[in-house]
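Each chain, written out:
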Amino acid sequence: MVVVLMAASSAPTPLYPVYQQMWGFPPVVLTVIFAAYVLALLAALLTVGSLSSHLGRRPVLLAALGVEIVSMAVFFTAGGPAALIVARVLQGLATGAAIGALGAYLIELEPAVRPGLGTVLNGAGPAFGLAGGAVASSLVVATAPGAVHLIYFVLLAVLVLQVIATALGPETAGRQPGALASLKPRVSFPPATRRSAVWMMPAAAATWSLGGLILSLGPSLVRSMAGPDAVVLTGLLVAALTGTGGIVTLLLGGMRPTRALGLGMAVLLGGLAATLVALSTGSVGLYFAATVVAGAGFGAGFLGVLGTLIPQADPSQRAGLLSAIYVVSYLANSVPAVAAGALAGRFGLVPTALGYTGMVMALALFVLVGLAVRTRAATPGQ
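Residues numbered from 1 in each chain as written. Predicted model: local features only at pLDDT ≥ 70, side-chain atom pairs only at ≥ 80, totals over all residues. Heavy atoms only, no water.

Looking at this model, I keep getting lost on the packing of aromatic side chains. Mind explaining?
Both the distance between ring centres and the angle between the ring planes are used here to describe each pair of aromatic rings. If you walk through the whole model with that rule in mind, you get nine aromatic pairs. Ring plane angle 10° and centroid distance 5.0 Å describe the contact between Tyr19 and Trp23, whose orientation is recorded as stacked. Of the two residues, Tyr19 and Trp23 are both situated in helix 2 (residues 16-23); the distance of four residues between them amounts to about one turn of the helix. The exposure class of Tyr19 is buried, given its relative accessible area of 0%. The class for Trp23 is partly exposed, based on a relative accessible area of 24%. Note on Trp208 and Phe302: the rings are 5.6 Å apart at their centroids and 70° apart in plane angle, and the pair reads as edge-to-face. With Trp208 in helix 9 (residues 191-216) and Phe302 in helix 13 (residues 284-309), the pair connects residues that are 94 residues apart, well separated along the chain. The pair Trp208 / Phe302 is uniform in exposure class, with both members buried. (Phe/Tyr/Trp six-rings, centres within 6.5 Å; stacked < 30°, edge-to-face > 60°. Helix = DSSP H or I, 4+ residues; strand = E, 2+ residues; numbered from the N terminus. Buried < 20%, exposed > 50% of the residue type's maximum accessible area, 1.4 Å probe, protein only.)

So what exactly am I meant to see when it comes to a nonpolar patch on the surface here?
A grouping of Phe76, Leu150, Phe153, Val154 and Val158 is seen on the molecular surface, where their side chains present a nonpolar patch of about 420 Å² in accessible area. Ranked by the residues each element gives to the nonpolar patch, the list is headed by helix 8 (residues 150-168), at four residues. Considering the arrangement of structural elements, one finds Phe153 in helix 8. (Patch = residues over 30% accessible without salt bridge, like charges linked within 9 Å, V, L, I, M, F, W, Y side chains within 5 Å. Areas by Shrake-Rupley, 256 points an atom, 1.4 Å probe, with all protein chains shown as cover. Salt bridge = Lys/Arg side-chain N within 4 Å of Asp/Glu carboxyl O.)

I would appreciate a short explanation of the pattern of salt bridges in the present structure.
Where charged atoms from two side chains of opposite charge approach closely, those side chains can pair. A complete count under the given rule lists one salt bridge for this structure. Residues Arg57 and Glu108 are paired through a salt bridge, measuring 2.5 Å at the closest nitrogen-oxygen approach. Placement of the pair is Arg57 in helix 5 (residues 57-77) and Glu108 in helix 6 (residues 81-109), with a sequence separation of 51 residues. On the accessibility criterion, Arg57 (2% relative accessible area) is buried.

Explanation requested: helix 12 (residues 257-281) in the structure shown.
Owing to its 3.6 residues per turn, the α-helix aligns residues three or four sequence positions apart on the same side. An ideal rise of 1.5 Å per residue puts 36 Å on 25 residues; helix 12 measures up with 36 Å between its terminal C-alpha atoms. Residues of helix 12 that are buried include every one of Ala260, Leu261, Gly262, Gly264, Met265, Leu268, Leu269, Gly271, Leu272, Thr275, Ala278 and Leu279, and no others. Once helix 12 ends, the next one or two residues include Gly282, with phi positive near 70°. (Expected span 1.5 Å × (residues − 1).)

Please explain the packing of helix 13 against helix 14 (residues 318-347) as it appears in this structure.
Between two packed helices, what matters for the description is the angle formed by their axes and the separation of those axes. Remark: helix 13 packs on helix 14, axes separated minimally by 11 Å, with the N-to-C direction vectors making an angle of 150°. When the interaxial angle is binned, helix 13 and helix 14 end up roughly antiparallel. Between helix 13 and helix 14 lies a crossing whose hand is right-handed. Contact residues: helix 13 offers Phe302, Leu306 and Leu309, while helix 14 offers Leu321, Leu322, Ile325, Tyr326 and Ser329. Considering only residue class, the contact of helix 13 with helix 14 consists of seven nonpolar, one polar and no charged. (Axes fitted to C-alpha atoms, helices over the stretch in contact; angles between N-to-C directions. Parallel < 35°, antiparallel > 145°, perpendicular 65-115°, else oblique. Left-handed = near helix turned anticlockwise from the far one by under 90°. Contact = heavy atoms within 4.5 Å. Nonpolar A, V, L, I, M, F, W, Y, C, P; charged D, E, K, R; others polar.)

Hey, could you run me through the environment of Tyr326 in this one?
For Tyr326, the location among the structural elements is in helix 14. Tyr326 gets classed as buried once you look at its relative accessible area, which sits at 2%. Remark: the alpha-carbon pair of Tyr326 and Trp208, spanning 118 residues in sequence, is separated by 9.4 Å. Not counting chain neighbours up to four residues away, the residues in contact with Tyr326 comprise Leu45, Ile99, Asn122, Pro126, Trp208 and Phe302.

Here it is as structure tokens:
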């Protein structure tokens, strides 16, 4: 379910330039469509993000799947940008409602012989979903240009099957009082996690803000370097980042979280440095290679964040903690990307992407310095 929900969220990305050609709307509408999803997702995270700790995991997930199915139907029948905005709002609400419950559910369902598996899947699942949705969508359009909406029909069918599976699945969280109080908008890190969160969340911001660059400006950057017919390449670019991130998350699942974090930020810096060169020279091949390297840093870095913070929270606090982590992550994913979309019209696409990349590098460097200082302070005799 994690994979499919995130695949549904990335499926429209390679289609944005196609929609723009079909319906002739200005570039600013693309920014509005992108922002509609993220704002709705954040609204859901802030209100119903911890609701499953009071009502149970399954009821919240079933409701979220229902809204997601409606959004797929709106996408499938869309005839203009207004319908896309409505569909993205519904999709954001569904994903935001589900993400905290799903994260806690994965941890609670992990087998006793595989401690930490739920945390690894929390890191890998969204990455694989983002990659799969973008690639599948771009392949559908490349092979059948007239079937732009086909990907939504496929996702809708899978979501219906997941409704049935969820209804038949186990419940891991009993009903608890305070459901209405939990709807009050807030971002709450449990007290035991707050000290770590201060220096961990910039790492989440670095990884997810890079994702925002790829998901918003990435397709346009690829088309500017490879030509307007490079539809498949736009999907492969998303996969280069998120797919690599998912694979690395699985490979490093047993690594100590702080070590994974340090490795991730270092590799991310290397990939971003190569990105600067690729954008400056207009080399699409180097841009893809750099994105793969940055994707490895994305996966390792976010795994380090989850692996450090989740074990510090009580089981009843997991859904709220994961919602708080994703609030910060999606703000980093959206706010800079929307700003970049506005700035690109004034300063140009490539200069904006260069400045954006430099911002992400600064965040990664901040985390590395903070990690080095903490390690030195914890070492006796230093």
